[in-house]
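Residue strings, one per chain:
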Amino acid sequence: MGEVRGEKAASSLMFKLLESFGMQGIAFVVGLVLARLLDPTDYGVLGMLTVFIAFSQVFVQSGLNTALIQKKDADETDFSSAFWLSLGVALALYLLLFAFAPLICRLMKRPEITPVLRVLALILIPGALVSIQGAAVARRMQFRRMMLCSLCATVVSGAVGIGMASAGMRYWALVGQQLSNQLCLAVLLLIFISWRPKRLFSWQRVSGLLRYGWKLLVSGVLETGYVNLRSLVIGLKYDTAALGYFTRGKQFPELVMNAVNGSIQSVMLPVLSREQDDKTRMKELMRRSVKTSSFVVLPLMAGLAGVAAPMVTLLIGEKWLPCVPFLQICCIDFAFYPIHTANLQAINAMGRSDVFLKLELIKKSYGLAILFIALLCFDTPIAIAWGAAISTLLSALVNASPNRKLLGYGYLEQMRDVLPSVLMALAMFGVVLLMGSLPLAPIVLLPLQVLTGVVIYLGLALVTRSDSLQFLLETLRGLLSRSRAKEEETV
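Please read these numbers as outputs of a predicted model, since none were measured by experiment.

Asker: For this particular structure, what's the right way to read the overall build of the protein?
Answerer: On a plain count of helices and strands, the protein comes out with 19 helices and 0 strands. By residue count, 54% of the 491 residues in the protein fall in the buried class. Expressed as a percentage of contacts within the protein between residues at least 6 apart in sequence, the contacts between residues at least 24 apart total 85%. Working note: accessible area of the protein is about 21600 Å², and carbon and sulfur atoms make up 68% of it.

Put into structure tokens, the structure is as follows:
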């Protein structure tokens, strides 16, 4: 039984990775085109408004999607009740944002973007449906269908955004892209995913989900506020161009990190939830998640940081070169996200949302302290970005501390598991960064750096006989063999 579950988890993870890489790859190309058509101030405007949308989305989800995945016996009443509550919250929040949009935009000293916030806030309504549909997909491990729907939605929304930007609609193009993505995804999921909301609602079921989910809601509010506070501070204290550079620099590593780490996060929660009564098995799964995701994410972040300058020059133009320092700092920030994800998902899978909330309170306390120190002592957007990276590194230690007691998998053991990947990524980064001083045009230098980085990292992994590389190769071979077997059966 454990072997069958392991194979299904591996298969689901592979489809989720394909979805994420495909979606993020398309989003990457779309982002490059939009960056050439738009100015940093356009990204800055949307970055300021996204703060309020992100806050609202946390309340729409209310931790209900995670609660539905974690609950062992969730049924149709649970799912439909959670949907109607999420939809009601989304409608209420939209009306609030619509009413207070003029005040919010005046406080930002940009009253002319009031209509932009009112239109962008519509994203909350389809987002309520997508949130619950995502929980249904995760419980049923239907990631292949989710992959196709997400890819189609990304293509459609990318075409909408590029079309609007080409027509000179500036930041409206970014609004159109985000809104069309959620609308298209919601419609496609209704068509291809078997779950539909029914006329069922139970306060008793909702209250049961909220007893678990409210702590995640508070944690989500803290996390969202903390992450987006930097964007708000940069946009208000400095200017929208500085925020645009920060946002653009963050997007490169964030796309990569979401493709890998987001996939693992989506799959690991339902897998760990099913094994929540077997702590030994949970530790095995968690160790594999930490080692494998770090093996993939760390070189990607190191490589991005090493090729940042020629990549930005070649792909989106010299006007975006001020985003390079932000890009490199954000690579450090995101590099250790796999450790965060594995630890937090294990805590969620065991139903310990109380521990999750305590961790968030601790992390946000010192995170805010670091932000204020960056503002008072250095007073630059770069210092704010460095503060975020330092906070993330400290959070890796904080997130790991509960699992030393809960699963016997503490911080030191986790660091030993990822140390080989860290050393290989650092070696690759050093060589790639030194190559950046070669007197070559970006169109020649960038491919040369990428090829060299790949050869160095994979070469070191083969020489050291990395078990993460072996695991990935064996998983891929297993999936290919099962795919061929199914084709032969069909024939």
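That shown, we press on.
Asker: Which parts of the structure should I look at to understand the pattern of salt bridges?
Answerer: Side chains bearing opposite charge may pair, as long as their charged atoms lie close to each other. Under the criterion given, the structure shown has 15 salt bridges. Salt-bridge contacts for K198 lead to E76; the nearest nitrogen and oxygen are separated by 3.9 Å. Of this pair, K198 sits in the loop between helix 8 (171-192) and helix 9 (203-238) while E76 sits in helix 4 (residues 76-107); the two residues are 122 residues apart in sequence, bridging distant segments of the chain. Residue E76 is classed as partly exposed on the basis of its relative accessible area of 24%. Linking E284 and R281 is a salt bridge whose minimum nitrogen-to-oxygen distance equals 3.4 Å. Placement of the pair is E284 and R281 together in helix 11 (residues 279-306), with a separation of 3 residues, close to one helical turn. Judged by relative accessible area, R281 falls into the partly exposed class, the value being 22%. Overlapping salt bridges, with partners in common, bring together K283, R287, E413 and D417 in one network.

Asker: What should I look at first to understand a nonpolar patch on the surface in this one?
Answerer: Together, L438, L440, I443, V444 and L448 make up an exposed nonpolar region whose accessible area comes to about 410 Å². Relative to the assigned elements, I443 resides in helix 18 (residues 442-463).

Asker: How should I be thinking about unusual backbone geometry in this particular structure?
Answerer: Leaving glycine aside, a negative phi is the common case for residues, and trans is the common case for peptide bonds. Non-glycine residue K109 carries a positive phi angle of around 65 degrees. Residue position: K109 is located in the loop between helix 4 and helix 5 (114-120). For K109, a relative accessible area of 72% translates into the label exposed. Even without being glycine, R170 reaches a positive phi, approximately 50 degrees.

Asker: Whenever I open this one, the nonpolar core confuses me. Can you help?
Answerer: One broad rule of soluble globular proteins: the nonpolar side chains tend to lie buried together. In terms of nonpolar packing, the biggest core is built from 94 residues, with L49, I53, I113, M301, V312 and W320 touching the most fellow members. Each residue touching L49, except ones within four places of it in the same chain, is listed here: C105, M108, I113, V116, L117 and L120. Of all hydrophobic cores here, the second largest spans 39 residues; its members include A135, V137, C149 and L189.

Asker: What exactly am I supposed to notice about the packing of aromatic side chains here?
Answerer: Each aromatic ring pair is specified by the distance between its two centres and by the angle formed by the two planes. The full count for this structure, using the stated rule, is 11 aromatic pairs. Centre to centre, the rings of F83 and W84 are 4.9 Å apart; their planes meet at 65 degrees, and the pair counts as edge-to-face. Taken together, F79, F83, W84 and W195 form an aromatic cluster joined through their ring pairs. Across from the ring centre of F98, 4.1 Å away, lies the NZ or CZ of R118, which sits over that ring. Over the ring of F471 we find R288, and its NZ or CZ is 4.5 Å from the ring centre.

Asker: Please explain helix 14 (residues 337-349) as it appears in this structure.
Answerer: Each turn of an α-helix holds 3.6 residues, which means side chains three or four residues apart point in the same direction. Here helix 14 contains 13 residues, and its C-alpha end-to-end distance of 18 Å stays within 8% of the 18 Å for a straight helix at 1.5 Å per residue. Here helix 14 lies mainly inside the structure; 12 of its 13 residues are buried. Turning to helix 14, its buried residues are P338, I339, H340, T341, A342, N343, L344, Q345, A346, I347, N348 and A349. Positive backbone phi, approximately 75 degrees, marks G351, located one or two places after helix 14.

Asker: It is not clear to me how the environment of V30 should be interpreted in this structure. Could you clarify?
Answerer: Inspection of the secondary structure assignment puts V30 in helix 1 (residues 2-37). For V30, a relative accessible area of 7% gives the class buried. Taking the C-alpha atoms as reference points, V30 and S157, 127 residues apart in sequence, are found 9.2 Å from one another. Not counting residues within four places of it along the chain, the set of residues in contact with V30 comprises G158, I162 and Q177.

Asker: Looking at this structure, I do not really get helix 16 (residues 381-406). What am I missing?
Answerer: Spanning 26 residues, helix 16 covers 39 Å between terminal C-alpha atoms, matching the ideal 38 Å at 1.5 Å per step. Positioned one or two residues after helix 16, G408 has a phi angle of 70 degrees, which is positive.

Asker: Explanation requested: the packing of helix 14 against helix 15 (residues 353-378) in the structure shown.
Answerer: A pair of packed helices is captured by two measures, namely the crossing angle of their axes and the spacing between those axes. Taken N-terminus to C-terminus, the directions of helix 14 and helix 15 make an angle of 145 degrees; their axes are 9 Å apart at the nearest point. The residues of helix 15 that touch helix 14, namely those facing L344, I347 and N348, are V355, F356, L359 and K363. Tallied by class, the residues present in the contact of helix 14 with helix 15 amount to 5 nonpolar, 1 polar and 1 charged.

Calculation criteria
- Residues numbered from 1 in each chain as written.
- Predicted model: local features only at pLDDT ≥ 70, side-chain atom pairs only at ≥ 80, totals over all residues.
- Heavy atoms only, no water.
- Helix = DSSP H or I, 4+ residues; strand = E, 2+ residues; numbered from the N terminus.
- Buried < 20%, exposed > 50% of the residue type's maximum accessible area, 1.4 Å probe, protein only.
- Contact = heavy atoms within 4.5 Å.
- Areas by Shrake-Rupley, 256 points an atom, 1.4 Å probe, with all protein chains shown as cover.
- Salt bridge = Lys/Arg side-chain N within 4 Å of Asp/Glu carboxyl O.
- Patch = residues over 30% accessible without salt bridge, like charges linked within 9 Å, V, L, I, M, F, W, Y side chains within 5 Å.
- Core = buried A, V, L, I, M, F, W, Y, C linked by side-chain atoms within 4.5 Å.
- Phe/Tyr/Trp six-rings, centres within 6.5 Å; stacked < 30°, edge-to-face > 60°.
- Lys NZ or Arg CZ within 6 Å of the ring centre and 35° of its normal.
- Expected span 1.5 Å × (residues − 1).
- Axes fitted to C-alpha atoms, helices over the stretch in contact; angles between N-to-C directions.
- Nonpolar A, V, L, I, M, F, W, Y, C, P; charged D, E, K, R; others polar.

Shape is all these values report; function is a separate question.
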